[in-house]
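# Close look at the chain arrangement
Now for the letters of each chain:
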Amino acid sequence: MPVSVIVLLVVLAVSAVGSVLYLRRERRRPSSYRSRWAAEMAEWRALPTEVQAARDEAALHAGEAAEIAAARVSGLSRP
């Protein structure tokens, strides 16, 4: 069997294994925006209600703090 045929078979086998591994990883953790959003929402729905509420409160407090900081900075920069 010529060496080029063996090399071709090895390349085909490696590409087949690589494709299977890539598809497996892609199903576990999608890289596309829409799929990633759906996966993140599924994870969010799986969280307990208390954890969701705590994260919501933290996000609201962070936004409020950012607004206060922006107001202070814009107030200080005026002559």
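Quick caveat: nothing in here was measured; it's all calculated off a predicted structure.

The rules behind each value
- Residues numbered from 1 in each chain as written.
- Predicted model: local features only at pLDDT ≥ 70, side-chain atom pairs only at ≥ 80, totals over all residues.
- Heavy atoms only, no water.
- Helix = DSSP H or I, 4+ residues; strand = E, 2+ residues; numbered from the N terminus.
- Rg over C-alpha atoms; globule rule 2.2 N^0.38 Å.
- Buried < 20%, exposed > 50% of the residue type's maximum accessible area, 1.4 Å probe, protein only.
- Areas by Shrake-Rupley, 256 points an atom, 1.4 Å probe, with all protein chains shown as cover.
- Lys, Arg positive; Asp, Glu negative; His and termini not counted.
- Salt bridge = Lys/Arg side-chain N within 4 Å of Asp/Glu carboxyl O.
- Contact = heavy atoms within 4.5 Å.

### Side note on the overall build of the protein chain
Within the protein chain, the secondary structure is distributed over 3 helices and 0 strands. If you list the helices and strands of the protein chain from N to C, you get α-α-α. In terms of C-alpha radius of gyration, the protein chain reaches 26 Å, well past the compact-globule figure of 12 Å for 79 residues. With the principal axes as the frame, the protein chain shows a C-alpha extent of 85 × 40 × 15 Å. Looking at the protein chain as a whole, 4% of its 79 residues are labelled buried. Element-wise, carbon and sulfur atoms account for 65% of the exposed surface of the protein chain, whose accessible area totals about 7,200 Å².

### As for the side chain of Glu 26
Mapped onto the elements of the fold, Glu 26 is located in helix α1 (residues 3–28). Look at Glu 26: it is buried, it has no salt bridge, and the nearest opposite charge is Arg 25 at 4.8 Å. The contacts of Glu 26, once residues within four sequence positions are left out, are Ser 31 and Ser 32.

### Considering the environment of Met 41
You can see Met 41 is positioned in helix α2 (residues 33–46). For Met 41, a relative accessible area of 26% puts it in the partly exposed group. With 39 residues separating them in the primary sequence, Met 41 and Pro 2 have C-alpha atoms 53 Å apart.

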